[in-house]
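Structural overview for review
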Amino acid sequence: MALGSSISVRTRREIERLRGAGQRVGEILLELRAAAKPGATTADLDQLARKLIKKTGAESSFLGYGPYGLPAYPAVVCTSINAEVVHGIPGPRELKDGDLLSIDFGVIHDGFHGDSATTVAIGEIGDEPRRLLETTAASLDDAIAQMVPGNRLSDIGHAVQARAEGEGYAVVKQFVGHGIGRELHEPPQIPNYGPPGRGPRLKPGMVFAIEPMVNIGGDAVRVLDDQWTAVTADGSLSAHFEHTILITDDEPEVLTRVEGSH
Ligand code: MF3
Ligand code: CO
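What counts, and where the lines are drawn
- Residues numbered from 1 in each chain as written.
- Chains lettered and ligands numbered in written order.
- Predicted model: local features only at pLDDT ≥ 70, side-chain atom pairs only at ≥ 80, totals over all residues.
- Heavy atoms only, no water.
- Donors = N, O, S within 2.8 Å, 3.2 Å for Na, K, Ca; no water.
- Tetrahedral: all angles 85-135°; square planar, octahedral: opposite > 155°, others 65-115°.
- Helix = DSSP H or I, 4+ residues; strand = E, 2+ residues; numbered from the N terminus.
- Buried < 20%, exposed > 50% of the residue type's maximum accessible area, 1.4 Å probe, protein only.
- Near = heavy atom within 4 Å.
- Polar contact = N/O pair within 3.5 Å; in protein donor to acceptor, adjacent residues only side chain to side chain.
- Areas by Shrake-Rupley, 256 points an atom, 1.4 Å probe, with all protein chains shown as cover.
- Nonpolar A, V, L, I, M, F, W, Y, C, P; charged D, E, K, R; others polar.
- Expected span 1.5 Å × (residues − 1).
- Contact = heavy atoms within 4.5 Å.
- Axes fitted to C-alpha atoms, helices over the stretch in contact; angles between N-to-C directions.
- Parallel < 35°, antiparallel > 145°, perpendicular 65-115°, else oblique.
- Left-handed = near helix turned anticlockwise from the far one by under 90°.

**With respect to the coordination of the cobalt ion (ligand 2)**
Around the cobalt ion (ligand 2), the protein supplies Asp115 (OD), His178 (NE2), Glu211 (OE) and Glu242 (OE) as donor atoms, at distances of 2.1 to 2.2 Å. Coordination at the cobalt ion (ligand 2) comes from six donor atoms whose angles at the metal span 70 to 170 degrees, giving a geometry best classed as octahedral. Considered as a linear motif, the donors of the cobalt ion (ligand 2) on their single chain read D-x62-H-x32-E-x30-E. Note that aspartate 115 is positioned in strand β5 (residues 112-121) and glutamate 211 in the loop between β9 (207-210) and β10 (213-215), a separation of 96 residues in sequence. In this pair, the class of aspartate 115 matches that of glutamate 211, namely buried.

**As for the environment of glutamate 259**
One can find glutamate 259 in the segment after β15 (253-254). With a relative accessible area of 77%, glutamate 259 lands in the exposed category. C-alpha of glutamate 259 to C-alpha of glycine 26: the two residues are 233 residues apart in sequence and 8.8 Å apart in space.

**Comments concerning the site of ligand 1**
Around ligand 1, the neighbouring residues are Phe62, Tyr65, Tyr73, Cys78, His87, Asp104, Asp115, His178, His185, Glu211, Trp228 and Glu242. Within the side chain of histidine 178, a nitrogen or oxygen atom sits 3.0 Å from an oxygen atom of ligand 1. Histidine 185 is positioned such that a nitrogen or oxygen atom in its side chain is 2.7 Å from an oxygen atom of ligand 1. Taking 330 Å² as the accessible area of ligand 1 by itself, protein coverage stands at 96%. Partitioning the shell around ligand 1 into residue classes produces five nonpolar, three polar and four charged.

**Re helix α4 (residues 154-166)**
With 13 residues, α4 extends 18 Å between its outermost C-alpha atoms, agreeing within 8% with the 18 Å of an ideal straight helix rising 1.5 Å per residue. Among the residues making up α4, those that are buried are Ser154, Asp155, Ile156, Gly157, Ala159, Val160, Gln161 and Ala164. In the core, the buried residues of α4 are packed alongside α3 (127-145), β6 (170-171), β8 (186-190), β9 and β10. Just downstream of α4 lies glycine 168, where phi reads positive at about 85 degrees.

**A look at the side chain of serine 116**
Within the secondary structure, serine 116 is located in strand β5. The buried category is assigned to serine 116, whose relative accessible area is 2%. A polar side-chain atom of serine 116 sits 2.7 Å from the main-chain carbonyl oxygen of glutamate 242.

**With respect to the packing of helix α1 (residues 12-35) against helix α2 (residues 42-55)**
Viewed as axis vectors pointing N to C, α1 and α2 meet at an angle of 150 degrees, and their least axial separation amounts to 10 Å. Judged by the angle between their axes, α1 and α2 are roughly antiparallel. Judged by the sense of rotation from one axis to the other, the crossing of α1 with α2 is right-handed. Listed contacts from α2 to Ile28, Glu31, Leu32 and Ala35 of α1 are Leu45, Leu48, Ala49, Leu52 and Ile53. The residue makeup of the contact of α1 with α2, split by class, is eight nonpolar, no polar and one charged.

**As for α3**
With 19 residues, α3 ought to run about 27 Å at 1.5 Å a step, and its terminal C-alpha atoms sit 27 Å apart, in line with that. Among the residues of α3, Pro129, Leu132, Leu133, Thr135, Thr136, Ala137, Ala138, Ser139, Leu140, Ala143 and Ile144 are the ones counted as buried.

Pasting the structure below:
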């Protein structure tokens, strides 16, 4: 496969459909954020998400997903608390004051996927978790700012790493951002680190899901016995933000952003 040749450039009609999926993801993620309160369980959030997916006429991107021999993912959201990095499975665990919850959510609508994640403070959180959350969100904003025609693919991850490490944090290397469209995960893989100025040039019509995961401690993660939940190896806190983003002739369009979302 020639480098870069497998990155899809979307037609206007495809972009409309990606926008439809992305906006549904953004709207539902806002409702999930609002429901993430002390005493709610992560299974409650999954149930709410299932109801809202049905109401909007979409289907889950995550339910039943199982690449590389992994067990089929059993829920429509990923809920990752505190030292959990990504892919936490909803269950009976109650959220409590001071928790840091990442909610990752995707739907397919009219043949195209949208994928977005946000990290929510449950009740009152301390200064350090707050700074982690804000830095991770800022690292995604910095990445999005690089997503203009003529820049190169590795400029995206470089921006994430510069922001996170500049604040003394570590970026997770084991999970990456991705192309997205008719499949949830399409080429290319987009690491959240690396030197700038490498890889294919960005073109209008390319659509990527960019998802920085940032840890207060080291970058190492391990996966629990459920084969999905990734946690920091050192038990430190982790945050995660994600958007699905379209490269245009000028400013990038954040397809999963709605009024009131990050
Ligand atoms: N945003 C996550 C990712 O791209 C979504 C995982 S979907 C799951 O990896 F089904 F694998 F959980
Ligand atoms: Co993703």
